[in-house]
Amino acid sequence: MATNPMKRKSKISFLMGVLVTLIFAALAIAFLLIQLKGYKEKEAEEKAKSVKIYVLKQDIKSGETITPEMLTQQVINKDFVPSNAIGNEKIFSNYSLEDKEGRTVSTEVKNGETKLYLVDNKDKNELKNDNGKYYIEKNREKEYIEFNEVPLIAKVDMYKNNIITIDMVAKSNEKTTDDLRKQEYNMFILPSQLETGEYIDVRLALPTGQDYIVVSKKQVEIPQVGGVDSEDTIWIKLTEGEIITLNNAIVDAYRILGSKLYVTTYTEAGIQKAAEPTYVATREVMALIDTNPNIVQTARDELVNRYNNQAGIVRNGAIDSALNNSGEEGEENLKAQVQESITNSKDNRKAYLDSLAGTGNTK
């Protein structure tokens, strides 16, 4: 039976439509497969280029101590990461190390492996690990090293999500030694805008114009009473030798009429090095320092050397001359000022305890 031409034409058109649809579908699938393959290849390439790196959780000021709690890891393309970036907590912790004698421990990353070196002047010895204990080899013998962990500070102001590099941090000069103590003082002349966390020098100025650095680059803490910063009291951390030396300077300041003990602040504490102290204690105080078993030997040597090199000019010259000029009036002023400092300390303590009790009798 003959087929209707119209029906045959309609059938052919339908089949052609199906064929075209199948072709377009195949092309679309092929295109999607190519796209998916490209996406996977790009994803693999990006993954290969990605590294975990430390960034800041918060803003940090120059000179502020950085702790691991302030850092978090983010995945970043390694093309945008500096070669000296701190990639993990181990590198961060290693960089803060030094040995008990104050020698620097440097960290170097070579071919993805972190190595430690003990640096002493121009000598650089690799630190090797022996079941968790580190040593250097000297004359084919092992010299085991005890570590101190030194706080790391920000060299410059840094902001949240900044990548941390080795060049952006420095070792603090405030090292936790066995003789380190937090001391309270209320007799210094303080800058009007001094804030907790800033770094200071304590200086002694004589009425004749001479000016001496007693202790340098100490991070200050201002105690609060009833939620309000104290007007005249600060806390600073000092070693035994610094405590004795500063006490001597306080006595000198009280005895020399017209002198003053005052505080100056560092403008960029993270970058600026600690000033070299120039104040020299009395011979009697130096004798005490020389025999005090609580003073670290390196600190004792430094104080003795300063006395030997500068006592003739500083101690026997300007300071003792000013003391002689003050005479008995200076001795009376010493007694009065010491009593005033004691009274201030008692008043501050009472105000603090009153604030805890909720009486509201704050200074």
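Every chain begins its residue count from 1, and numbering advances along the sequence as written. Where local features are concerned, this predicted model is filtered to residues with pLDDT of at least 70; where side-chain atom pairs are given and counted, the filter is 80 or more; whole-chain, interface and lining totals use all residues. As a rule here, side-chain values come from all non-hydrogen atoms in the structure, and water together with hydrogens is ignored.

Q: Even after reading the chapter, I still don't get the overall build of the protein chain, so can you show me in this structure?
A: Of regular secondary structure, the protein chain possesses 5 helices and 20 strands. A 1.4 Å probe rolled over the protein chains alone gives each residue an accessible area, and that area as a share of the maximum for its type sets the label: buried under 20%, exposed over 50%, partly exposed in between. Every one of the 363 residues in the protein chain was classed for burial, and the buried ones make up 35%. Only heavy atoms enter the contact rule, under which two residues are in contact if any of them lie within 4.5 Å. If you take every contact in the protein chain between residues at least 6 apart in sequence, the share linking residues at least 24 apart comes to 64%. Secondary structure elements follow DSSP: runs of H or I of four or more residues count as helices, runs of E of two or more count as strands, with numbering from the N terminus.

Q: What should I look at first to understand the sheet that holds strand β13 (residues 169-171) in this one?
A: Paired through backbone hydrogen bonds, the strands of a sheet run either parallel or antiparallel to each other. Any two strands between which DSSP finds at least two bridges are classified as paired. Taken in spatial order, the 3 strands of this open sheet run β2-β12-β13, and their pairing is antiparallel. Either end of the sheet is taken by a strand with one partner, and the two such strands are β2 (65-66) and β13. By the bridge criterion, 3 bridges tie strand β12 (residues 152-154) to β13 in an arrangement that is antiparallel. Bridge pairing in β13 links I153 to A170.

Q: I would appreciate a short explanation of the sheet that holds strand β10 (residues 141-144) in the present structure.
A: Read across the open sheet, the 3 strands follow the order β8-β9-β10; overall the sheet is antiparallel. The open sheet is flanked by β8 (128-130) and β10, the only strands paired with a single partner. Adjacent strand axes in the sheet meet at a mean angle of 50°, parallel and antiparallel pairs treated alike. Pairing of strand β9 (residues 133-138) with β10 involves 4 bridges; the strand directions are antiparallel. Across the sheet, the residue bridging to Y135 is Y144, located in β10. Think of each axis as a best-fit line through the C-alpha atoms, taken over the contacting stretch in the case of a helix, with angles from 0 to 180 degrees between the N-to-C directions.

Q: Looking at this model, I keep getting lost on empty space enclosed by the protein. Mind explaining?
A: Any empty space left between the atoms is revealed when a probe the size of a water molecule rolls over them. Here a cavity denotes grid points, spaced 1 Å and computed from the protein atoms alone, that fit a 1.4 Å probe unable to get out, and a pocket denotes an open set having protein on both sides within 12 Å along at least 5 of 7 lines; residues with an atom within 4 Å of a point are the lining. Grid points are joined across faces, edges and corners, and a volume is the space filled by probe spheres set on the points. Per the counting criterion, the structure on display carries 1 cavity of 30 Å³ or more. Volume-wise, the largest cavity comes out at about 50 Å³. Lining of the largest cavity is provided by T245, Y279, V280, A281, M286, I289, L303, R306 and Y307. In terms of residue count, helix α5 (residues 297-357) provides more of the lining of the largest cavity than any other element does, 3 residues in total. For the lining of the largest cavity, the per-class residue count stands at 7 nonpolar, 1 polar and 1 charged. Nonpolar residues are Ala, Val, Leu, Ile, Met, Phe, Trp, Tyr, Cys and Pro. Charged residues are Asp, Glu, Lys and Arg, and all others, Gly as well, are polar.

Q: Could you clarify how one ought to interpret the nonpolar core in this entry?
A: For soluble globular proteins, the rule of thumb is that nonpolar side chains tend to be buried together. In this text, buried Ala, Val, Leu, Ile, Met, Phe, Trp, Tyr and Cys residues form a nonpolar core when linked through side-chain atoms within 4.5 Å. Core analysis: the largest hydrophobic core is formed by 40 residues, its most contacted members being F188, L246 and L261. Those elements that provide at least two residues to this core are β15 (199-205), β16 (211-219), β19 (234-238), α3 (240-255), β20 (260-265), α4 (283-291) and α5. Tallying contributions element by element places α5 first for this core, with 8 residues. Residue contacts for L246: discarding those within four places in its chain leaves Y185, F188, V202, V214, I236 and L238. By size, the runner-up hydrophobic cluster in this structure holds 15 residues, among which are I66, L152, I164 and M168.

Q: Whenever I open this one, unusual backbone geometry confuses me. Can you help?
A: Phi is mostly negative for residues that are not glycine, and the peptide bonds are mostly trans. At N161, a position not held by glycine, the phi torsion is positive, near 75°. Checked against the element boundaries, N161 lands in the loop between β12 and β13. Its identity as a non-glycine residue notwithstanding, K217 has a phi of 45°, on the positive side. Counting through the fold element by element, K217 comes out in strand β16.

Q: What exactly am I supposed to notice about the confidence of the model for the protein chain here?
A: Note that predicted coordinates carrying low pLDDT should not be read in detail. Chain-level pLDDT for the protein chain is 80 on average; 88% of the residues reach the 70-or-more range. Confidence scores per residue from the predictor, reported as pLDDT, run from 0 to 100. Confidence, expressed as mean pLDDT per element, reaches its minimum in the protein chain at helix α2 (residues 89-95) with 68 and its maximum at β15 with 94.

Q: Please explain α4 as it appears in this structure.
A: Within an α-helix, residues lying three or four positions from one another point in the same direction, as the helix has 3.6 residues per turn. Within α4 the residues assigned to the buried category are V285, M286 and I289. For α4, the angular spread of the buried residues around the axis is 100°, confining them to a single face. Along α4, exposed side chains directed more than 90 degrees from the buried face belong to R283, E284 and T291. Taking the helix axis as origin, the arc is that swept by the directions to the C-beta atoms.

Q: It is not clear to me how the environment of V81 should be interpreted in this structure. Could you clarify?
A: Position of V81 among the secondary structure elements: in the loop between β3 (71-77) and α2. Through-space distance from the C-alpha of V81 to that of S50 is 9.6 Å; in sequence the pair is 31 residues apart. Not counting chain neighbours up to four residues away, the residues in contact with V81 comprise V51, I53 and I76.

Q: Can you help me understand the layout of surface pockets in this one?
A: Empty space within the largest pocket amounts to approximately 980 Å³. For the lining of the largest pocket, the secondary-structure elements that each account for two or more residues are β16, α3 and α5. When residues in the lining of the largest pocket are grouped by element, the largest group, 5 residues, is from α5. Across the lining of the largest pocket, the residue classes break down as 9 nonpolar, 11 polar and 12 charged.

Q: Can you walk me through the pattern of salt bridges in this structure?
A: It is possible for side chains of opposite charge to pair when their charged atoms get near one another. The salt bridge definition used is simple: a Lys or Arg side-chain nitrogen within 4 Å of an Asp or Glu carboxyl oxygen. This model, assessed by the stated rule, comprises 8 salt bridges. Notably, a salt bridge pairs K128 with E137, separated by 3.7 Å at the nearest N-O pair. By relative accessible area, K128 is classed as partly exposed at 31%. D130 is the salt-bridge partner of K142, the closest N and O atoms lying 3.6 Å from each other. With K142 in strand β10 and D130 in strand β8, this pair connects stretches of sequence that are 12 residues apart. We classify D130 as partly exposed; its relative accessible area is 23%.

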